[in-house]
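# Geometric and topological summary
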Amino acid sequence: MFARVLKPKVRSLFVQSVVLIIIGAILIGWSQSIHIPSAYNTFLGIPYDVNPTFESSLYEILALVVFGVLFLGFGLGELAITPYVYLLEKRLFQIPPPPFNPSFRKTASFCRYCGTQNTPDAVFCSKCGEKLT
Ligand SMILES: [Zn+2]
């Protein structure tokens, strides 16, 4: 039961983390591909000494880097917790179901008169012979 409930969760978590990492990588790669001709100085591919004509490109690069890092960060975070979710799920799954024994369904009945414990199916007390209720 736990496997059926949780297995798709760990799979979708893994898929989601991979998708986020790919999106992050694409955004960061995209930011690196934007060329600003007048940029003399760059820091991690982000130009910071720019001719005002190319300011919009600069913001575009900054936005792509920021979102790329966010996606990459969430993706890596999810990827990092995936093994723990998997182990948790596996541990929950491995809890053995309680053994099914029909004789445990009824509890042992005690005699109202003498207190003797009788078998669940007994109708009369095994000691005093009174009817069990
Ligand atoms: Zn009895």
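Keep in mind that this is a model prediction, so the values were computed, not measured. (Residues numbered from 1 in each chain as written. Predicted model: local features only at pLDDT ≥ 70, side-chain atom pairs only at ≥ 80, totals over all residues.)

## A closer look at the overall build of the protein chain
- Of the regular secondary structure elements, the protein chain holds two helices and four strands.
- Written out in order from the N terminus, the α and β elements of the protein chain read α-β-β-α-β-β.
- The 133 residues of the protein chain split such that 10% are buried.
- For the protein chain, long-range pairs separated by at least 24 residues make up 44% of all intrachain contacts whose partners lie at least 6 apart in sequence. (Helix = DSSP H or I, 4+ residues; strand = E, 2+ residues; numbered from the N terminus. Buried ≥ 20, exposed ≤ 12 C-beta atoms within 10 Å, placed from the backbone. Contact = placed C-beta atoms within 7 Å.)

## Some words on the nonpolar core
- Counting residues in hydrophobic clusters, the biggest one holds six residues: Leu-20, Leu-27, Ile-28, Ile-61, Leu-64 and Phe-71.
- Elements with a contribution of two residues or more to this core: helix H1 (2-33) and helix H2 (55-93).
- Every residue in contact with Phe-71, bar those within four places of it in the chain, is listed here: Leu-20, Ile-23, Gly-24 and Leu-27. (Core = buried A, V, L, I, M, F, W, Y, C linked by C-beta atoms within 7 Å.)

## A short note on H2
- In a regular helix each residue adds 1.5 Å, so 39 residues correspond to 57 Å; H2 covers 56 Å between its end C-alpha atoms and thus fits that length.
- Approximately 30° is the largest bend angle found in H2, and it occurs at Thr-82, with the proline Pro-83 only one to four residues beyond.
- Of the positions making up H2, those classed as buried are Ile-61, Leu-64, Gly-68, Phe-71 and Gly-75. (Expected span 1.5 Å × (residues − 1). Bend = angle between axes of the 7 residues up to and from the residue.)

## Observations regarding the confidence of the model for the protein chain
- In the predicted model, the protein chain carries a mean pLDDT of 81, and the fraction of residues at 70 or more is 79%.
- Here strand E2 (residues 46-47) stands out as the element of the protein chain with the lowest mean pLDDT, 70, in contrast to strand E4 (residues 117-118), whose mean of 89 is the highest. (pLDDT = per-residue confidence, 0-100.)

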